[in-house]
Amino acid sequence: MASINLLILSFVLSVVLIPTSEAKDPAPLKLGKCDPVGAVKTLDAGLKKGKSLNDAMAMVIKSKQFDGSNACITFIREASMERRESAPYAFKKLWME
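A brief look at the structure comes next. Every chain's residues receive numbers from 1 upward, in the order its sequence appears when written. Since the coordinates come from a predicted model, pLDDT governs what is reported: local features require at least 70, and pairs of side-chain atoms require 80 or more to be given and counted, while whole-chain, interface and lining totals use all residues. Hydrogens are left out, water is left out, and the side-chain values use all remaining heavy atoms of the structure.

## Some points on the overall build of the protein chain
Only DSSP runs of H or I covering at least 4 residues are called helices, and only runs of E covering at least 2 are called strands; the numbering of each starts at the N terminus. Counting its secondary structure elements, the protein chain contains five helices and zero strands. In sequence order, the secondary structure elements of the protein chain are arranged as α-α-α-α-α. The contact criterion used throughout is that any non-hydrogen atoms of two residues lie within 4.5 Å. In the protein chain, the share of contacts with a sequence separation of at least 24, taken over all contacts with a separation of at least 6, comes to 58%. Summing over all exposed atoms, the protein chain offers an accessible surface of approximately 7,300 Å²; the carbon and sulfur share of this is 61%. Working definition of accessibility: Shrake-Rupley area with a 1.4 Å probe, residue cover restricted to the visible protein chains.

Written as structure tokens, this is what we have:
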């Protein structure tokens, strides 16, 4: 009986008296509308400056030209194909590598 009381007491102490973490969830990422032409321009500008594809894509997200969907990624790739002469860095990164 003493061991059951001890078990219950330890459970109560661990749940009630030990302070809980007050870590906050990070703010949700707010994505904009899908703007493939603008995204290709932003990607090309970032890649032209020597940024990685991830850094250039972060620029696209910050400028709210990406809605987070797979369809938007496809539209961005298609737009880079159509604008391969005016945005060669984006075209090369999205199609040739």
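## Section: the packing of aromatic side chains
Put simply, two rings from Phe, Tyr or Trp (the six-membered ring, in Trp's case) pair if the centres are within 6.5 Å, and we call them stacked under 30 degrees between planes, edge-to-face over 60, tilted for the rest. What the rule picks out here adds up to zero aromatic pairs. Cation placement over rings: the criterion is NZ of Lys or CZ of Arg within 6 Å of the ring centroid and within 35° of the ring normal. A cation over an aromatic ring shows up here: Arg77 above the ring of Trp95, its NZ or CZ 3.9 Å from the ring centre.

## Observations regarding the packing of helix α4 (residues 70-82) against helix α5 (residues 88-96)
Axis lines are fitted through C-alpha atoms, for helices just across the contact stretch, and the angle between N-to-C directions can take any value from 0 to 180 degrees. It is at 9 Å that the axes of α4 and α5 come closest, and there the two elements cross at 125 degrees. The orientation of α4 relative to α5 falls into the category oblique. Handedness of the crossing formed by α4 with α5: left-handed. Of the residues in α5, those touching α4 at Ile76, Arg77, Glu78, Ser80 and Met81 are Ala90, Phe91, Leu94 and Trp95. Gly is placed with the polar residues, together with every amino acid not listed as nonpolar (Ala, Val, Leu, Ile, Met, Phe, Trp, Tyr, Cys and Pro) or charged (Asp, Glu, Lys and Arg). In the contact of α4 with α5, the residues fall into six nonpolar, one polar and two charged. By the definition adopted for this analysis, an angle is roughly parallel if under 35 degrees, roughly antiparallel if over 145, roughly perpendicular if from 65 to 115, and oblique otherwise. Two helices crossing with the near one rotated counterclockwise from the far one by less than a right angle form a left-handed crossing, whereas a clockwise rotation gives a right-handed crossing.

## Focus: the pattern of salt bridges
We define a salt bridge as a contact between a side-chain nitrogen of Lys or Arg and a carboxyl oxygen of Asp or Glu at a distance within 4 Å. Applying the stated criterion to the full structure yields two salt bridges. For the salt bridge of Glu82 with Arg83, the shortest nitrogen-to-oxygen distance reads 3.3 Å. When accessible area is computed with a 1.4 Å probe and restricted to protein chains, residues below 20% of their type maximum are described as buried, those above 50% as exposed, and intermediate ones as partly exposed. A relative accessible area of 62% means that Glu82 is categorised as exposed. Overall, the relative accessible area of 27% leaves Arg83 in the partly exposed class. Taking the shortest distance from any N to any O, the salt bridge between Lys93 and Glu97 comes out at 2.9 Å.

## Notes on the side chain of Gln65
Residue placement: Gln65 occurs in the loop between α3 (53-62) and α4. Looking at Gln65, its side chain comes within polar contact range of the main-chain oxygen of Gly38, at 3.4 Å. Counted as a polar contact is a pair of N or O atoms within 3.5 Å, where, for protein atoms, one must be capable of donating a hydrogen and the other of accepting one, and residues adjacent in sequence contribute only when both atoms are in side chains. Reaching out from Gln65, the side chain makes a polar contact with the side chain of Thr42 at a distance of 2.8 Å. For Gln65, the residues in contact, after removing those within four places along its chain, are Lys33, Cys34, Asp35, Gly38, Ala39, Thr42, Val60 and Cys72.

## Some details on the environment of Phe75
Among the structural elements, Phe75 can be located in helix α4. Owing to a relative accessible area of 43%, Phe75 belongs among the partly exposed residues under this scheme. Taking the C-alpha atoms as reference points, Phe75 and Pro36, 39 residues apart in sequence, are found 5.8 Å from one another. Residues within four places of Phe75 in sequence aside, it is in contact with Cys34 and Pro36.

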